[in-house]
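Examination of the molecular architecture
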Amino acid sequence: MAAMPAQNDLEPTTPAFVIDGDVLDGFVHRFRTALETHWPHSILSYSFKTNSLPWLISYMREKDVWAEVVSDAEFDLALALGYTPDKIVYNGPVKGREHLRSALLEGSIINLDAKREVTWTAELARERPEEELAVGLRVNWDLEALRPGESTTGEEGSRFGFHIDNGDLGRAIAELTEAGVRVAGLHMHRNSSTQSIGVYEASCSVAAEIIRSRNLDLSWIDVGGGFFGSVEGSPTFDDYVSAIRRALEPVLDPDRTRLIVEPGGSLIAVPVEFHASVLDVKQIGEHTLVITDASRTDIDPLFRRRRGYAVRLEAEATDTLPRQIVAGFTCMEEDRITRLTDAPALTVGDRIVFSTVGAYTMSYQSSFIEFLPAVHVRQGGSLTEVRRRWGVMDHLQGNRWLREGRLTGAADQGTATP
Ligand SMILES: Cc1ncc(COP(=O)(O)O)c(C=O)c1O
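What this report covers is the structure whose coordinates are included nearby. (Residues numbered from 1 in each chain as written. Predicted model: local features only at pLDDT ≥ 70, side-chain atom pairs only at ≥ 80, totals over all residues. Heavy atoms only, no water.)

**Quick notes on the site of the ligand**
- As a structural note, the neighbourhood of the ligand is formed by 15 residues, with Gly226, Glu262, Gly264, Gly265 and Tyr360 the closest of them.
- The contact in question runs from an oxygen atom of the ligand to an N or O atom on the side chain of Asn191, over 3.2 Å.
- Measuring from an oxygen atom of the ligand, one finds a backbone N or O atom of Gly264 at 2.9 Å.
- Isolated, the ligand exposes 390 Å² of accessible area, and the fraction of that covered by the protein chains is 88%.
- Within the shell around the ligand, the residues separate by chemical class into 2 nonpolar, 9 polar and 4 charged. (Near = heavy atom within 4 Å. Polar contact = N/O pair within 3.5 Å; in protein donor to acceptor, adjacent residues only side chain to side chain. Areas by Shrake-Rupley, 256 points an atom, 1.4 Å probe, with all protein chains shown as cover. Nonpolar A, V, L, I, M, F, W, Y, C, P; charged D, E, K, R; others polar.)

Okay, here's the thing in structure tokens:
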């Protein structure tokens, strides 16, 4: 698929993501201000999984936003992009033993999620009694019971962390304490379908009960991510953090216990657009199908989005059509991105800009039919390419056969014949 050229300096050749640097600055600033206002002794960390574009991670590090990672691979990515271990929050259910051990010794904030991680931590504490090891525990709690209809899991409950009532949490605390490890934190993250303040009040009430009943002296309380992020809408970051403070103040001292937040989508969803061009228009019976160089694999990779998109159209025509189906370049029938109502009749070369597509899009990057689109950053009146559009050689990188010269002609011709 050939690239469609840009019309002006502030618009990229399509297909491409564009990050609005000024809008992103605003989101980070608003979250930081909310923390500084209500819980100055806090850590703003960024959830790598939401979008781990190297430019974005470097941006966060330069803004002094910590890394929140959930795998050895993400941990290594943080180090590769200049984070030091003491600015990394290490969560997730699949930490490797060696990474966990070095993170424990090098000052990362770690929230354990699995029984084997408890065992490995206790082992290390016994081997190195001179080290004062401290960890947090991810809590498995019943959001659905406290906020019916707001969880994403329904009655089945969450699969993460140590359950409060089945003995898992108590056993983890006992094993760690016996080995001389301090239980220094609780990790309460839950995704919700509503992103309501009530979800955070519920998580804080569960945390408060654990702190009281087990007499914990915590260095951190991690409320996770899952916040709503919009420029004007509510709840605001300020609303969330003030509610969290109100709920936790009775059981801990905000000057001693750090509040950790791990926003992902609420920081990066809105600042990102996807620019696409119209490649073809087909009239099939009464339906108008507009074929573009975007795909759901770019902006709706899980094929889950039901609501449409806010789109900006740069169209030649002024006459409108009651309904147009905007489709992607792939060979899947389901690759229908959105429906437009009473919009200008699109023609070849028109531009469609989809808004609010920065979260859980690039991090599910697809090599289905086309490789990765370019990414640009728009800031201060200029556009900078921070990732070029991938070609076949990018796709082949790391391929062992290529390294061994067994992919005939790959390097010269851009084609691979194994
Ligand atoms: C542990 C943890 N922290 C933070 C996040 C970020 O969530 P969001 O992108 O909704 O802010 C997630 C996402 O699922 C998560 O699992």
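**Digging into the side chain of Asp394**
- Tracing the sequence through the fold places Asp394 in helix α12 (residues 392-396).
- Given the relative accessible area of 12%, Asp394 is considered buried.
- Once you skip the residues sitting within four places of it in the chain, Asp394 turns out to touch Arg388 and Arg389. (Helix = DSSP H or I, 4+ residues; strand = E, 2+ residues; numbered from the N terminus. Buried < 20%, exposed > 50% of the residue type's maximum accessible area, 1.4 Å probe, protein only. Contact = heavy atoms within 4.5 Å.)

**Considerations on the pairing of strand β10 (residues 258-261)**
- Across 3 bridges, strand β2 (residues 42-47) lies against β10 in parallel orientation. Bridge pairing in β10 links Ile43 to Ile260.
- Bridge count between strand β9 (residues 220-224) and β10: 4 bridges; the pairing is parallel. In the strand pairing of β10, Trp220 is matched with Arg258.
- Running through helix α9 (residues 237-248), the crossover from β9 to the neighbouring parallel element β10 is right-handed. (Pairing = 2+ DSSP bridges. Right-handed = clockwise from strand over helix to strand, strands pointing away.)

**Focus on the packing of aromatic side chains**
- The full count for this structure, using the stated rule, is 12 aromatic pairs.
- A ring pair is formed by Phe31 and Phe227, whose centres lie 5.1 Å apart and whose planes are at 80 degrees; its orientation type is edge-to-face. Placement of the pair is Phe31 in helix α1 (residues 21-38) and Phe227 in the loop between β9 and α9, with a sequence separation of 196 residues. Here the two residues Phe31 and Phe227 agree in accessibility, since each one is buried.
- Centroid distance Tyr200 to Phe227: 4.7 Å. Interplanar angle 10 degrees. Geometry classified as stacked. Linking Tyr200 in helix α8 (residues 197-214) with Phe227 in the loop between β9 and α9, this pair joins segments that are 27 residues apart in sequence.
- Relative accessible area serves as the criterion here: at 4%, Tyr200 is assigned to the buried category. (Phe/Tyr/Trp six-rings, centres within 6.5 Å; stacked < 30°, edge-to-face > 60°.)

**Examining the nonpolar core**
- Met60, Leu186 and Phe354 are the most contacted members of the largest nonpolar core, which totals 98 residues.
- Top contributing element to this core by residue count: α8, with 9 residues.
- Taken domain by domain, this core gets at least three of its residues from each of domain 1 (39-268) and domain 2 (272-357 + 361-392).
- Here Met60 is in contact with Leu24, Val28, Tyr46, Val65, Tyr83 and Leu267, once residues within four sequence places are set aside.
- Counting residues in hydrophobic clusters, the runner-up holds 7 residues, among them Val89, Ile109, Ala184 and Ile260. (Core = buried A, V, L, I, M, F, W, Y, C linked by side-chain atoms within 4.5 Å. Domains from an automatic or database assignment.)

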